[in-house]
Amino acid sequence: MALTAAFFALDTDLSTHSGLEARVAALIAPAVEDMGYEIVRVAVLGRERPTVQIMADRKDGSLINVEDCERINHAVGAVLDVEDPIPGAWTLEVSSAGIDRPLTRAKDWNRFAGHQAKAEVLLPVNGRRRFSGTVLGSDGTVARMRLDDGTEVALPLEELRRARLVLTDALIEASARMVQSAPGTDPAQKNDDDSSGPKVH
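Calculation rules
Residues numbered from 1 in each chain as written. Predicted model: local features only at pLDDT ≥ 70, side-chain atom pairs only at ≥ 80, totals over all residues. Heavy atoms only, no water. Buried < 20%, exposed > 50% of the residue type's maximum accessible area, 1.4 Å probe, protein only. Helix = DSSP H or I, 4+ residues; strand = E, 2+ residues; numbered from the N terminus. Pairing = 2+ DSSP bridges. Salt bridge = Lys/Arg side-chain N within 4 Å of Asp/Glu carboxyl O. Axes fitted to C-alpha atoms, helices over the stretch in contact; angles between N-to-C directions. Core = buried A, V, L, I, M, F, W, Y, C linked by side-chain atoms within 4.5 Å. Contact = heavy atoms within 4.5 Å.

(A) Representation of the pairing of strand β8 (residues 152–156). Because side chains alternate across β8, one face comprises the buried residues V153 and L155, and the other comprises E152, A154 and P156, none of which is buried. Relative to β8, strand β7 (residues 142–147) runs antiparallel, the two sharing 5 bridges. In the strand pairing of β8, M145 is matched with V153. Between the antiparallel neighbours β7 and β8 lie 4 residues, among them G150 with a positive phi of about 95 degrees.

(B) Representation of the pattern of salt bridges in the model. This model, assessed by the stated rule, comprises 11 salt bridges. With a shortest N-O distance of 3.4 Å, E38 and R105 are connected by a salt bridge. Separated by 67 residues along the polypeptide, E38 in strand β2 (residues 37–45) and R105 in the loop between β4 (91–96) and α3 (106–111) bring together distant segments of the chain. Take E38 and R105: they sit in the same class, and that class is buried. The residue E152 makes a salt bridge to R146 at a minimum N-O spacing of 3.5 Å. Each member of the salt-bridge network shares a partner with another, and the members are E38, D57, R101, R105, K107, D108 and R111.

(C) Main features of the sheet that holds β8. Within the open sheet, the 5 strands sit side by side as β8-β7-β6-β5-β9. Their pairing is antiparallel. The sheet is open, and its two borders are formed by β8 and β9 (160–165), each paired with just one other strand. Mean inter-strand twist for the sheet, computed between neighbouring axes without regard to direction, equals 40 degrees. Taken together, the 5 bridges between strand β6 (residues 128–138) and β7 define a ladder with antiparallel strand orientation. The residue bridging G137 from the neighbouring strand is R144, located in β7.

(D) Seen up close, the nonpolar core. Counting residues in hydrophobic clusters, the biggest one holds 22 residues, and the most contacted among them are I28, V52 and I72. Secondary-structure elements contributing two or more residues to this core are α1 (19–34), β2, β3 (51–58), α2 (66–83) and β4. Discounting residues that sit within four places of it in the chain, V52 has contacts with V24, A43, V44, L80, I86, W90, T91, L92 and E93. Core analysis: the second largest hydrophobic core is formed by 19 residues, W109, A119, V121 and L155 among them.

Spatial relationships are all this shows, so hold off on functional conclusions.
Pasting the structure below:
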């Protein structure tokens, strides 16, 4: 198994875990949470040599850095080696949620209320599957948005295929404040492709 601590935003934004991804998330969550982090999303991609991608934040909601990725990487790798949920060789990648992050949980929709986002659902809502507008929050069952035309829509969280914040000046400013408030974080550190390189476990 190869381990990589990567500091970048992942691409696949599935909002709910199922099957193997749900099992992996359940196995690693206790170790990740014990270290003061929380899982934003787990994705298992590929077949012959699958890549397990873990996206995480600090529990206080601030972005993680490269050193955090390495810590999570080692802990998660140890758990998955023992539990062995994936047969054969596989690769582990741990990343920050990034600035224009996916909205995968109800708490994300509440935390980023007022910011711009795009969302796509599995089953049409009001005759459409794709939406763009302002995040209004979530009650734990649906995510609410005010669309660009001024109407409001409620999207069932379990039907979300993907949802992601749109990069705006306001979001960049809010993220900069989160980075500055994070313990042990250099405010000048960039949030892009700053990878610590591969590690073989």
